[in-house]
Amino acid sequence: MAIDEYAFRKALARFASGVTVITAATEGEMGGITVSAFCSLSLLPPLVLACIDERASILPLLRRSGAFAVNILSDDQSGLSNQFASKMSDKFQGVSYDVGPLGQPLLAGAQAYLVCTLVHEWKGGDHRVVVGQVEAASADESRTPLLYYASQYGSFQPLS
């Protein structure tokens, strides 16, 4: 049975998701991308999973560095979410960040971050499913995470 892509995306838009920015860096090169498909995979060992568009420029950088950071954005960082979701060449323009323990950018003001080593990836449709082992974590309990209750999928229009 074939599924209607429009119906699938509309259904996904009803799922409340926290917004994360995946960042990676190696030898003077940095990249980042906004993702909403992110979850915990295991507590022992601590593993997380993120889905990244197959065409995303961060994938080669992530592979070369072997590590990435998951920046869980705060409710006042919707502008950062949009910036890292854009096609702009320098997504870090005007962005304050610290360098994490594995050299990955940690976005200032994020509600939480996880620093991960890349342990596995595989192709899942038009995305790469990336699994990372959490090596360091921190959360600012005074901040509230940025949530989208109806994502951009809600405005998706099928190609005719």
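Everything discussed here concerns the structure shown above.
About the cut-offs
Residues numbered from 1 in each chain as written. Predicted model: local features only at pLDDT ≥ 70, side-chain atom pairs only at ≥ 80, totals over all residues. Heavy atoms only, no water. Helix = DSSP H or I, 4+ residues; strand = E, 2+ residues; numbered from the N terminus. Areas by Shrake-Rupley, 256 points an atom, 1.4 Å probe, with all protein chains shown as cover. Buried < 20%, exposed > 50% of the residue type's maximum accessible area, 1.4 Å probe, protein only. Arc of directions from axis to C-beta. Contact = heavy atoms within 4.5 Å. Pairing = 2+ DSSP bridges. Axes fitted to C-alpha atoms, helices over the stretch in contact; angles between N-to-C directions.

J.: How would you explain the overall build of the protein if you had to name every residue and give the values?
T.: Looking only at helices and strands, the protein features 3 helices and 11 strands. Along the chain direction, N to C, the helices and strands of the protein fall in the order α-β-β-β-β-β-α-β-α-β-β-β-β-β. Here the protein displays about 9,100 Å² of accessible surface, and carbon together with sulfur accounts for 55% of that area.

J.: Summarise helix 2 (residues 58–65); cite the residues concerned and give the values.
T.: All buried positions along helix 2 are accounted for by Ile-58, Leu-59, Leu-61 and Leu-62. Each buried residue of helix 2 sits inside an arc of 165° when the element is viewed along its axis, so together they form one side. As for helix 2, its buried residues are in contact with strand 2 (20–26), strand 3 (29–35), strand 5 (47–53), strand 6 (67–72), strand 9 (112–124) and strand 10 (127–139). Gly-66, located one to two residues past helix 2, shows a positive phi value of around 70°.

J.: Before we move on, can you summarise the sheet that holds strand 9 with the specific residues and values?
T.: Sheet architecture is open: 7 strands sit in the order 3-2-6-9-10-5-4, paired in antiparallel fashion. Two strands lie at the open edges of the sheet, namely strand 3 and strand 4 (38–42), each paired on one side alone. Here the strands of the sheet are splayed against their neighbours by 35° on average, with no regard to which way each runs. Here strand 2 runs beside strand 6; their pairing, made up of 4 bridges, is antiparallel. When the bridges of strand 6 are listed, Thr-23 appears paired with Ala-69. Lying over the sheet, helix 2 contacts strand 2, strand 3, strand 5, strand 6, strand 9 and strand 10, oriented at roughly 55° with respect to strand 2. Against the sheet, helix 3 (residues 78–85) contacts strand 2 and strand 3, and its axis sits at roughly 115° relative to strand 3.

J.: Any chance you could break down unusual backbone geometry for me, citing the residues and the numbers?
T.: Looking along the chain, the bond that leaves Leu-44 and enters Pro-45 is cis, with omega of -5°. Locating Pro-45 in the fold gives a position in the loop between strand 4 and strand 5. Positive phi, normally seen in glycine, also occurs at Glu-27, with a value near 40°. Tracing the backbone through its elements, the reader meets Glu-27 in the loop between strand 2 and strand 3.

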